[in-house]
Structures are given as structure tokens and as C-alpha cells.
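A closer look at the structure
Here is what each chain is made of, one letter per residue.
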Amino acid sequence: GAGVSQSPSNKVTEKGKDVELRCDPISGHTALYWYRQRLGQGLEFLIYFQGNSAPDKSGLPSDRFSAERTGESVSTLTIQRTQQEDSAVYLCASSLGTGFDEQYFGPGTRLTVT
Amino acid sequence: GDSVTQMEGPVTLSEEAFLTINCTYTATGYPSLFWYVQYPGEGLQLLLKATKADDKGSNKGFEATYRKETTSFHLEKGSVQVSDSAVYFCALAASGGSYIPTFGRGTSLIVHP
């Protein structure tokens, strides 16, 4: 079946512009995670959605970052007034349920802020 | 809080050499432990996992044993191939009730013919 998909695969934007990144999880996966991966660094947790529960936003680095998820389907990560330090690969992952479960990752969106 | 520490890379080996990538962790409770692999240009994918002490995860010739006494989950492979060149991430999950996995910084492996 289809895996996790993300779009766009690459995004170049000017400093100060807003960007929206999209994630389509695997059908039936109730949990969805967003991560940021800076060049040569590990994964930085951003936000976690589980079913219809309130999301865990504890990893969002500033109020310029926000994310939404429609039910148990598509999620969008929005970065307002982008800064150069926002340049990174943004990864989305979904899983069947709890943190014990394997995560399935999308290929990521490479964001470059000029 | 929870943390995962991996050995610094890159690890450079010749084909058919023995591989060890060290991973140690700090966690409350009894986490599940994972190794993920990221091939060039691709997303992370699960390589193997172990859910309780003394469990051994294995896949594609890779193995790792959950050692609670040393809080370690070292990744090993007896004979690496060029196609194993990738970045390897150690991770733990669901410790102390949190559903947020904790990832290490990743270790780059380069295998030469």
C-alpha cells in the first residue's frame, strides 16, 4: 500500500515569507509526528497528533510554527515569517498508535530560506 | 528527561568488515528501543527493534540486543556491504508514559569496495 507522502519535496522561499508543508499519512494510522532535521543533526521533535486528542505541541520552537490535522488524515505544518535558521528537512511520520509502535517516515520536505 | 547517545561518525569501513555502532540511553520506565536507517535521499525506515530487556532485534544481517544493565542497544553486523552505506539512528519510545520518541543524532556509515 501507499506509504507516507509529503509535498513539496523541495521548497525555496525568501526570508519573511510563509510556507505550508503537507503530509499524507498511511491510511488508518492514528498517530502523526512532525520532525525537523538540520544538516548533520538528529531529529528534532516538533508536534504530535493522536486521533482526535489535543496535539502535543511541546516541540514547536516558536509561535511562528503551527500545525493542523484533519481527523486522522492530512496534516499541514505552517511556518510564518520564515527565517534562515528554519532551513532544514521537515519529516513527517505516522504510526498505528502509541509510541511503542514503529514509525513510518515520509521522504521529507527540504526547506531552504534565502 | 530521556536521551539517546550514539557514537560520532562517520564510520568508514571496507566491504566485509565487522560493524559496531554504539548506542546508550537514559530513560525512566521500560522503553522500547529502535534502530532506524536513512539511505541517501530517502526517509528513515525501521531496521530493527526490541521491546524488553535481553530481547535481540535482527534484520538484514544487523543485530542489536537490549541490555538493561548497561542501558545499551549497540548495532552490529558481521560483514558490511557497500549498500549498507547510510545514516543509522538509535531511538527509544514510550518511556514513562510519553509517546514522543527520542532519537540519537545519527551515525553515518560509509562502506568502501
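From a predicted model like this one, the values you see are computed outputs, not experimental measurements. (Residues numbered from 1 in each chain as written. Chains lettered and ligands numbered in written order. Predicted model: local features only at pLDDT ≥ 70, side-chain atom pairs only at ≥ 80, totals over all residues. Heavy atoms only, no water.)

1. A few points about unusual backbone geometry
Quick reminder of the rule: By definition, any uninterrupted DSSP run of H or I lasting at least four residues is a helix, any uninterrupted run of E lasting at least two residues is a strand, and each is numbered from the N terminus.
A:Ser7 connects to A:Pro8 through a cis peptide bond whose omega is -10°. Not every positive phi belongs to a glycine, and B:Glu16 is a case in point at roughly 80°. Following the sequence through the fold, B:Glu16 ends up in the loop between strand E2 (11-14) and strand E3 (19-21). The backbone of B:Lys60 sits at a positive phi, close to 55°, despite the residue not being glycine. Along the chain, B:Lys60 turns up in the loop between strand E7 (56-59) and strand E8 (62-65).

2. Here's the deal with the interface of chain B and chain A
Formally: In this description, contact between two residues means that some pair of their heavy atoms is separated by no more than 4.5 Å. Summed over both partners, the accessible area (1.4 Å probe) lost when two parts come together is defined as the buried area. Each reported salt bridge corresponds to a side-chain nitrogen of Lys or Arg within 4 Å of a carboxyl oxygen of Asp or Glu. Under this definition, polar contacts are N or O atom pairs within 3.5 Å; protein pairs additionally need one hydrogen-donor-capable and one acceptor-capable atom, and for neighbouring residues in sequence, both atoms have to be side-chain atoms. Residues were grouped as follows: Ala, Val, Leu, Ile, Met, Phe, Trp, Tyr, Cys and Pro as nonpolar; Asp, Glu, Lys and Arg as charged; and all remaining residues, including Gly, as polar.
Chain B puts 18 residues into the contact, and the matching count from chain A is 19 residues. For the pair chain B and chain A, the two sides together bury roughly 1600 Å², of which 61% comes from carbon and sulfur. Taken together, the connections running from chain B to chain A amount to 0 salt bridges. Inspection of the region where chain B meets chain A yields 3 residue pairs in polar contact (both at pLDDT 80 or more). Residue assignment for the side of chain B that touches chain A shows that the elements contributing at least two residues are strand E5 (32-38), strand E6 (45-50) and strand E10 (86-93) of chain B. Per-element accounting of the side of chain B that touches chain A gives the leading share, 4 residues, to E5(B). Class assignment for the residues of the side of chain B that touches chain A results in 12 nonpolar, 4 polar and 2 charged.

3. Things to note about the sheet that holds strand E6 (residues 65-69) of chain A
Residues and elements named next belong to chain A. Which entries qualify depends on this criterion: Strand pairing follows a simple DSSP-based rule, namely that at least 2 bridges must link the two strands. With axes taken as lines fitted to C-alpha atoms, and helix axes fitted only over the stretch in contact, angles between N-to-C directions fall between 0 and 180 degrees.
Taken together, the 4 strands give an open sheet; going across it, the order is E1-E3-E7-E6, and neighbouring strands pair in antiparallel fashion. Only two strands of the sheet have a single neighbouring strand rather than two, namely strand E1 (5-7) and E6. Averaged over all pairs of adjacent strands, the angle between their axes in this sheet comes to 15°, without regard to strand direction. The pairing of strand E3 (residues 19-24) with strand E7 (residues 75-79) spans 5 bridges and is antiparallel. Looking across to E7, one finds that Cys-23 is bridged to Ser-75.

4. Brief notes about the pairing of strand E10 (residues 109-113) of chain A
All names here are of chain A. Short version of the rule: Whether a residue is buried, partly exposed or exposed follows from its accessible area with a 1.4 Å probe, protein chains only, as a fraction of its type maximum: under 20%, in between, or over 50%, in that order.
Because side chains alternate across E10, one face comprises the buried residues Thr-109, Leu-111 and Val-113, and the other comprises Arg-110 and Thr-112, none of which is buried. Bridge count for strand E2 (residues 10-13) against E10 is 4 bridges, and the pairing is parallel. Residue pairing across strands places Asn-10 opposite Arg-110, the latter belonging to E10. Note: strand E8 (residues 88-95) against E10, 3 bridges, orientation antiparallel. Bridged to Ala-88 within E10 is Leu-111.

5. Comments concerning the state of the cysteines
Think of a disulfide as a covalent bridge from one cysteine sulfur atom to another cysteine sulfur atom. Residue and element names in this part refer to chain A. Applicable threshold: Disulfides are defined as pairs of cysteine sulfur atoms found within 2.5 Å of each other.
Counted according to the given criterion, the structure contains 2 disulfides over all chains. A sulfur-sulfur distance of 1.9 Å marks the disulfide that ties Cys-23 to Cys-92. As the torsion about the S-S bond is roughly -60°, the Cys-23-Cys-92 disulfide counts as left-handed. You can see Cys-23 sitting in strand E3 and its partner Cys-92 sitting in strand E8, a full 69 residues away along the chain. Here the two residues Cys-23 and Cys-92 agree in accessibility, since each one is buried.

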